[in-house]
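Coordinates in review
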Amino acid sequence: MSNDLSASLTAAAAALTDASDVTLLAHVNPDADALGSALALGLALHRLGKTVRVSFGAPDSVPETLRDLDVAGLLVPASAVPAAPEVLVALDTGSVGRLGPLADRLSTAGTVVVVDHHVSNPGFGTVNVIDASAEATALVVLRLLDELGVELDEPIARCVYAGLVTDTRSFRHARASTHEVAARLLAAGVDAEAVARPLMDSHPFGYLGMLAKVLSRAALERSAAGGLGFVHAVVTLDDAAGLRPEEVESVVDLVRTTAEAEVAAVLKELGPSYWSVSLRAVSRVDVREVAQLLGGGGHRLAAGFTAEGDASDVLSRLREALETVAGG
Ligand code: 5GP
Ligand code: MN
């Protein structure tokens, strides 16, 4: 652990210990690492007797698969976040924009603590606990919990595990020390299969019909991405009607299995001509760089951005950014 990191962990723990009211924010369209991280820290602070709320900027509803993590009823809608929070903690949020409509609280909060693992995080907090070598923000949270002297009970361990199993793709991207962390979480009572199956392995029957439509339109461009291959698929609002965001988010996990393509993209329609794009790479292309050229961000092998226009326009811009990063 670098000195910087251990100093910022100490500073963050001190700020949280001194606080009586803490607001924890995940990024918009939160995933298991964002909400699991926020709820793990939230549950611990709640147990220490503090007033705690957990929220995120958009959408209004909590992903169904993450609701059970909130055993203490800490989640509140964005509209219930105080205008000037005493202490604000932003988790798994690599940039200010990822807070969505709640980004304005950064300037009104008494103290802002950033807890993250994005290499591109500019450190927009008063205290910044950023470890780009951590596979998940949940791991950084666990270090903070240890710094706070919090005992790891099952509900807290489950939140950490949810973030970890998701961001490591079921521990395939986990270092040896991270497997040791997983062992510690299991020892605290986490039921690995019970946590992972709803998160990554369970969908309503309608998912199969949606996949049939979406995957039948997928396209492979062998010469794109500097000749490394690019595969893409588009999920329209119509395709996704009646399904949860969880079903739409998982499409990229199938598209990315295409052996002929180094890079995979899924365009997810959020509103008319408004898209959230998921990018994945196998090993050679830094898709964070690609996403950043298009106003987004993320990690080397998993990144994203939002874009306006027709799907074909978004794809042209993406193709161009891929050439810039992977070509020549
Ligand atoms: P996903 O494809 O699962 O939505 O996102 C993969 C990763 O890309 C996330 O962990 C996050 O780091 C990043 N990401 C996704 N969408 C955006 C976006 O619109 N803006 C930024 N800055 N990062 C994003
Ligand atoms: Mn994460």
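Description of the structure in this document. What you see is a predicted model, and the numbers here were worked out from it, not measured in a lab.

**Considering the coordination of the manganese ion (ligand 2)**
Tetrahedral coordination by four donors puts the ideal angle at the metal at 109.5 degrees, and octahedral coordination by six puts it at 90 or 180 degrees. Note on the manganese ion (ligand 2): its protein donors are Asp33 (OD), Asp92 (OD), His117 (NE2) and Asp167 (OD). The metal-donor distances range over 2.2 to 2.4 Å. Taken in chain order, the donor set of the manganese ion (ligand 2) reads D-x58-D-x24-H-x49-D. Here Asp167 lies in helix H5 (residues 154-167) and His117 lies in the loop between strand E4 (111-116) and strand E5 (127-130), a separation of 50 residues in the sequence.

**As for the site of ligand 1**
As a matter of local geometry, ligand 1 sits amid 16 residues, with His118, Ser278, Arg280, Gly297 and Ala303 nearest to it. The contact in question runs from an oxygen atom of ligand 1 to an N or O atom on the side chain of His118, over 2.6 Å. Gly304 places a main-chain nitrogen or oxygen 3.3 Å from an oxygen atom of ligand 1. Surface burial for ligand 1 is 82%, taken as the share of its 500 Å² of free accessible area covered by protein chains. Residue assignment for the shell around ligand 1 shows that the elements contributing at least two residues are strand E9 (274-281), strand E10 (297-298) and strand E11 (302-308). Among the residues making up the shell around ligand 1, the classes are represented as three nonpolar, nine polar and four charged. Counting residues domain by domain, the shell around ligand 1 receives three or more from each of domain 1 (3-200) and domain 2 (206-326).

**A word on the nonpolar core**
If you look at soluble globular proteins, the nonpolar side chains tend to sit buried side by side. Judged by nonpolar contacts, the single largest core of 63 residues is most densely connected at Leu16, Leu24, Leu41, Val89, Leu144, Leu145 and Leu185. Apart from the residues lying within four places of it in its own chain, the contact partners of Leu24 are Ala38, Leu41, Gly42, Leu45, Val52, Arg53, Val54, Ser55, Val89 and Leu91. One finds Leu279, Val290, Val314 and Leu318 within the second-largest nonpolar core, a separate group that totals 25 residues.

**Thoughts on the pairing of strand E3 (residues 87-91)**
Burial analysis of E3 places five of its five residues in the buried class, which makes it a mostly covered element. The alternating pattern of E3 places Val87, Val89 and Leu91 on one face and Leu88 and Ala90 on the opposite face, and all of these are buried. Relative to E3, strand E1 (residues 21-26) is paired through four bridges, and the arrangement is parallel. Paired with Leu25 across the bridge in E3 is Ala90.

**Re the layout of surface pockets**
Considering only enclosed or pocket space, the second largest pocket measures out at about 190 Å³ in volume. Taken together, 13 residues form the lining of the second largest pocket, with Asp68, Arg158, Ala194, Val195 and Pro198 sitting closest to its centre. Only H5 and helix H7 (192-200) provide two or more residues apiece to the lining of the second largest pocket. For the lining of the second largest pocket, the class distribution of residues is seven nonpolar, one polar and five charged.

**Some remarks on empty space enclosed by the protein**
In this approach the atoms are scanned with a rolling probe the size of a water molecule, which exposes any empty space left behind. Tallied over the entire structure, the rule returns one cavity of 30 Å³ or more. Lining of the largest cavity is provided by Arg256, Ala261, Glu262, Val263, Ala264, Arg280, Ala281 and Val282. Elements supplying a minimum of two residues to the lining of the largest cavity: strand E8 (263-271) and E9. In terms of residue class, the lining of the largest cavity is made up of five nonpolar, no polar and three charged.

**Describing the pairing of strand E2 (residues 51-56)**
Of all the six residues making up E2, five are buried; the element is thus mostly covered by neighbouring parts of the structure. Pairing geometry for E1 and E2, over six bridges, is parallel. Across the sheet, the residue bridging to Val22 is Val52, located in E2. In terms of handedness, the path from E1 via helix H2 (residues 32-47) over to E2 forms a crossover that is right-handed.

**Concerning helix H8 (residues 206-216)**
Along H8, the residues that are buried comprise Tyr207, Met210, Leu211 and Val214. Buried positions in H8, seen along its axis, are confined to an arc of 100° and lie on one side of it. Looking at H8, the residues exposed on the side facing more than 90 degrees away from the buried face are Ala212 and Ser216.

**Some thoughts on the side chain of Arg288**
Among the secondary structure elements, Arg288 is positioned in helix H12 (residues 287-293). Taking relative accessible area as the criterion, Arg288 reaches 17% and is therefore assigned buried. If we skip the residues at most four places from it in the chain, Arg288 touches Val119, Ser120, Gly297, Gly298, His299, Arg300 and Ala303.

**Observations regarding the packing of helix H4 (residues 137-148) against helix H6 (residues 176-187)**
The geometry of H4 relative to H6 is characterised by a closest axis approach of 12 Å and an angle of 60° between their N-to-C directions. Considered as vectors, H4 and H6 are oriented oblique to each other. When the axes of H4 and H6 are compared, the crossing they make is left-handed. Residue-level inspection shows Leu139, Leu142 and Asp146 of H4 in contact with H6, the latter providing Thr178, Val181 and Arg184. Looking at the contact of H4 with H6, its residues break down into three nonpolar, one polar and two charged.

**Considering the sheet that holds E10**
Sheets are built from strands paired through backbone hydrogen bonds, the pairs being either parallel or antiparallel. Within the open sheet, the six strands sit side by side as E6-E7-E8-E9-E11-E10. Their pairing is mixed. Edge positions in the sheet fall to strand E6 (219-221) and E10, since each has one partner strand and no second.

Analysis parameters
- Residues numbered from 1 in each chain as written.
- Chains lettered and ligands numbered in written order.
- Predicted model: local features only at pLDDT ≥ 70, side-chain atom pairs only at ≥ 80, totals over all residues.
- Heavy atoms only, no water.
- Donors = N, O, S within 2.8 Å, 3.2 Å for Na, K, Ca; no water.
- Helix = DSSP H or I, 4+ residues; strand = E, 2+ residues; numbered from the N terminus.
- Near = heavy atom within 4 Å.
- Polar contact = N/O pair within 3.5 Å; in protein donor to acceptor, adjacent residues only side chain to side chain.
- Areas by Shrake-Rupley, 256 points an atom, 1.4 Å probe, with all protein chains shown as cover.
- Nonpolar A, V, L, I, M, F, W, Y, C, P; charged D, E, K, R; others polar.
- Domains from an automatic or database assignment.
- Core = buried A, V, L, I, M, F, W, Y, C linked by side-chain atoms within 4.5 Å.
- Buried < 20%, exposed > 50% of the residue type's maximum accessible area, 1.4 Å probe, protein only.
- Contact = heavy atoms within 4.5 Å.
- Pairing = 2+ DSSP bridges.
- 1 Å grid on protein atoms, 1.4 Å probe; cavity = no way out; pocket = protein on both sides within 12 Å on 5 of 7 lines; lining within 4 Å.
- Points joined across faces, edges and corners; volume = space filled by probe spheres on them.
- Right-handed = clockwise from strand over helix to strand, strands pointing away.
- Arc of directions from axis to C-beta.
- Axes fitted to C-alpha atoms, helices over the stretch in contact; angles between N-to-C directions.
- Parallel < 35°, antiparallel > 145°, perpendicular 65-115°, else oblique.
- Left-handed = near helix turned anticlockwise from the far one by under 90°.

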